[in-house]
Amino acid sequence: MLTIPAMTFREWTGPLTADLVREPVKFGLGQIPSLLKPDAVTKAVCGFCSTGCGLNIHLKDGAAINLTPDPDYPVNLGTACPKGWEALSVLDAPDRARMPLLHGKEVDWDTALRYFCDQMKRILDQHGPEAAAFLSTGQIMFEEMAFLGALAKFGMGMIHGDGNTRQCMATAVTAYKESFGFDAPPFTYADFEESDVLVFIGANPCIAHPIMWQRVLRNKKQPEIIVVDPRTTETAMAATQHYAIKPKSDLTLLYGLAHLLIRDGGVDQSFVEAHTNGFDAFAAFLAAFTPERVSAESGISIERLLHFAKTIRDGKAVSFWWTMGVNQGHQATRTAQAIINLALMTGNIGKPGTGANSITGQCNAMGSRLFSNTTNLLGGHDFRNAAHREKIAAATGIPVERIPDRPSLAYDQIIQAADAGTVKAIWFVATNPSHSWIDQNEMNRILDKLEFLVVQDMYCTTETAKRAHLVLPAAGWGEKEGCFINSERRIGYSPKVRRAPGQSLADFHIFRLIAHYWGCEEMFREWQTPEAVFRVLQRCSEGQPCEITGIEGYEMIRMEGGVQWPATMTNDEWRMTNERRLFEDGKFFTEDQRAKFCFDEPVVPPEQRSAEFPLILMTGRGTSAQWHTETRTGKSAVLAKMVPEELMLDLNPEDAAKLGVRDGQRVRVISKRAELTVLTRLTGCVKPGEVYLPMHDARVNQLTHASFDPLSRQPSYKHSAVRLEATK
Ligand code: SF4
């Protein structure tokens, strides 16, 4: 079993002195795990996206020198996308944070941690437990997330903390919880290969999840591949049917399909009667979604709507997949639930090749959803439930009175509170909201009001780190160990195979140090190593749908090619296969074990076209070589060659002709909030009246309109009004 030797905080009793951090190897801070053979291959899961590909890491003298995709890993079967291939090279960037920075000046860890604790304590003491918050990420290991959430809330006494998963997965969480009774994506990747109809809604896996797309291409059933997307994306080009709907008419379209399935005999009555609640009310609600109305509102002809519904009706195994086109909408939760409703009413759930399947974004978004101690109490529990608090207190050994009795504010509400002055300090961990948050200028105005802004990150040059009062330098993927949970609920292990640069430390160790400096390390005496925290979290998961008590430790995860939850002690059936889906018995996680039909009347997006701003701007992923704010992928010379040098706006030739704009011409894109200059790319992939920008450029979110799904509080990045002006 791999363990990181030394840096045994049990042995360490005093403050971390400058001498100590100058000699990291002596104290184990930068050591390679001693049990890795000097020249060998070890296994890891990729730390970029939620696909969770297995990689073979090739070692020389005990340190990683190269990687190749793992042919035996059940996720990727020997393939990797460009980001995965470059996972090691991006660690060598010159702008890695190597030392703590206090007001931009290098300081030692002792100074940094004393300052951190002094400032946070002062603010919490003077203004109460709601005055400081943390905002975390789906990028760190789930043991680290749990430690952060437990440290901040139980140890330091904060109430509020959320993750950047609010920007990508909050909608799926909210939808699944209400419809299924728990945040439970039901699928396994084998379902890509076993469907005879795959419906992708607001999803472009060719670019965003290329290895999942490879699994689709392995499907030997010659499936119908249906894409619902306003743009003719790469996936739409490869599909057998593409429905280029008007932006954000997806909810109406989905209700229209449900209407037709009822009208034309596409409902699995026996499944609906045996396993669901609320269908009759849903059917009555759908009466208004006639083909005529849906066609007018979505832009899809009645004939094509009928063909779409018939394809679902005729499918023997129909799977529905969605990502950010749905999750990042102004009515996102109800849209996700409209997809879930289609799967439920047609009985396409719990069987091979079926499911209402939300594809996750970040490598550990699923870990964040269940174990970050932000919206949910550890293990998918509820802060408001006294029995849950008692259970987690017993599982962690943390006094129950230290566990807050209410969940955190959501990300956007924390930022609003910072604007109002009630939140005065925010600790950002491995996330870059100065770039990624919607209506970026407004976000940055608010961040600049904070009394204390801390960024803990691998790089000191992120847009957010540059605004920080204190930067804590963190190790990255490959420089620390722990587990991620991927889109199909698979827990994968990633070892430490390199030294982190300078005096940067694993996030895990930073949390350990803060616990010591704060004076609450006794509360976390069991939390000595990531694997020890894994065992604590196993206890927290007991009795939950996401129970993982049956996993024997890291070695089992490594040897089995990852383990999907649930994996219980009491039931051994899960050991028979490493590809499992949920709800095969038709039992859901609600009190009566029935899934629920949830629905609401569609409403128009808050920002509409106008005479002044006649175009709808959509944003999303650019290429398979780019990751989010490019904090890491932007460092790779190889990946840079796969990306346009300048920011390019996709513009329909009809609109270009009206504006007198050529292909490759510089234009100004102007919204109510900001303007920026880009190059045009004339393409029929966007319809007239619509334009598209990739989200990776640091300026794009200056344009976006801040609206939020009212149920999930997820920002809507897909519908802002803009105009174009040619530059001289
Ligand atoms: Fe890594 Fe995702 Fe690419 Fe797989 S698809 S190699 S997990 S970035």
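Within any chain, residue numbers begin from 1 and follow the written order of that chain's sequence. With the structure being a predicted model, the display of local features is reserved for residues of pLDDT at least 70 and the display and counting of side-chain atom pairs for 80 or more, all residues being used for whole-chain, interface and lining totals. Only hydrogens and water are set aside when side-chain values are computed; all heavy atoms of the structure are taken into account.

1. Considerations on the sheet that holds strand 12 (residues 318-322)
Then, in step 1: Spatially, 5 strands are ordered 10-9-8-12-13 in an open sheet, and the strand pairing comes out parallel. Whereas interior strands pair on both sides, the edge strands pair on one side only; in this sheet they are strand 10 (241-243) and strand 13 (355-358). Averaged over all pairs of adjacent strands, the angle between their axes in this sheet comes to 15 degrees, without regard to strand direction.
Then, in step 2: Any two strands are treated as partners once DSSP identifies two or more bridges connecting them. Only DSSP runs of H or I reaching four residues or more are called helices, and only runs of E reaching two or more are called strands; each is numbered from the N terminus. Taken together, the 3 bridges between strand 9 (residues 224-228) and strand 10 define a ladder with parallel strand orientation. Residue pairing in the sheet places Val227 in a bridge with His242 of strand 10. An axis is simply a line fitted to the C-alpha atoms; with a helix, the fit covers only the stretch in contact. Between two such axes, the angle follows the N-to-C directions and lies from 0 to 180 degrees.

2. Here we look at the site of the ligand
Then, in step 1: Any residue with a heavy atom lying within 4 Å of a molecule or strand is counted as near it. Taken together, Cys46, Phe48, Cys49, Thr51, Gly52, Cys53, Ala80, Cys81, Lys83, Gly84 and Ile211 make up the full set of residues near the ligand.
Then, in step 2: Two kinds of site are reported from a 1 Å grid over the protein atoms alone, namely cavities, where a 1.4 Å probe fits but cannot get out, and pockets, open sets with protein on both sides within 12 Å along at least five of seven lines, and residues are called lining when an atom falls within 4 Å of a point. Placement in a cavity or pocket follows one criterion, namely that more than half of the molecule's atoms lie within 2 Å of its grid points. A molecule is said to occupy a pocket when more than half its atoms come within 2 Å of that pocket's grid points, and by this definition the ligand occupies the second largest cavity.
Then, in step 3: Class assignment for the residues of the shell around the ligand results in 7 nonpolar, 3 polar and 1 charged. Amino acids are sorted into nonpolar (Ala, Val, Leu, Ile, Met, Phe, Trp, Tyr, Cys and Pro), charged (Asp, Glu, Lys and Arg) and polar (every other residue, Gly among them).

3. A short note on the nonpolar core
Then, in step 1: Nonpolar core, defined: a set of buried Ala, Val, Leu, Ile, Met, Phe, Trp, Tyr and Cys residues in which side-chain atoms within 4.5 Å join the residues together. Burial classification: accessible surface area is computed with a 1.4 Å probe over protein chains only, and a residue below 20% of its type maximum counts as buried, one above 50% as exposed, and the rest as partly exposed. In this structure, Phe116, Met120 and Trp427 are the most contacted members of the largest nonpolar core, which totals 135 residues.
Then, in step 2: Residues lining this core come from more than one domain, with at least three contributed by each of domain 2 (101-164 + 366-539) and domain 3 (170-359).
Then, in step 3: Within the second largest apolar cluster, 45 residues are counted, among which are Cys46, Ala64, Tyr189 and Trp321. An automatic or database domain assignment supplies the residue ranges for each domain.

4. Looking at helix 4 (residues 109-127)
Then, in step 1: To estimate how far a helix should extend, the number of its residues minus one is multiplied by 1.5 Å. The terminal C-alpha atoms of helix 4, which comprises 19 residues, lie 27 Å apart, in line with the 27 Å expected from a rise of 1.5 Å per residue.
Then, in step 2: Inspection of helix 4 places Trp109, Asp110, Ala112, Leu113, Phe116, Cys117, Gln119, Met120, Ile123 and Leu124 among the buried residues, and these make up the whole buried set.
Then, in step 3: Pairs of N or O atoms are called polar contacts if they sit within 3.5 Å, as long as, within protein, a hydrogen donor faces a hydrogen acceptor (for residues adjacent in sequence, only side-chain-to-side-chain pairs). Taking the backbone nitrogen of Asp110 as reference, a side-chain oxygen 3.3 Å away marks Asp108 as the first, capping residue of helix 4.

5. Some remarks on the pattern of salt bridges
Then, in step 1: Every case where a carboxyl oxygen of Asp or Glu lies within 4 Å of a side-chain nitrogen of Lys or Arg is listed as a salt bridge. In the structure shown here, the tally under the stated rule is 48 salt bridges.
Then, in step 2: Linking Glu725 and Arg668 is a salt bridge whose minimum nitrogen-to-oxygen distance equals 2.2 Å. One end of the pair, Glu725, is in strand 26 (residues 720-726); the other, Arg668, is in strand 23 (residues 666-670), and 57 residues separate them in sequence.
Then, in step 3: Judged by relative accessible area, which is 25%, Glu725 ranks as partly exposed.
Then, in step 4: Of the charged contacts, one joins Glu725 and Arg723 as a salt bridge, the two residues approaching to 2.9 Å between their closest N and O atoms.
Then, in step 5: One continuous salt-bridge network, built from bridges that share partners, spans Glu612, Arg668, Glu675, Arg723 and Glu725.

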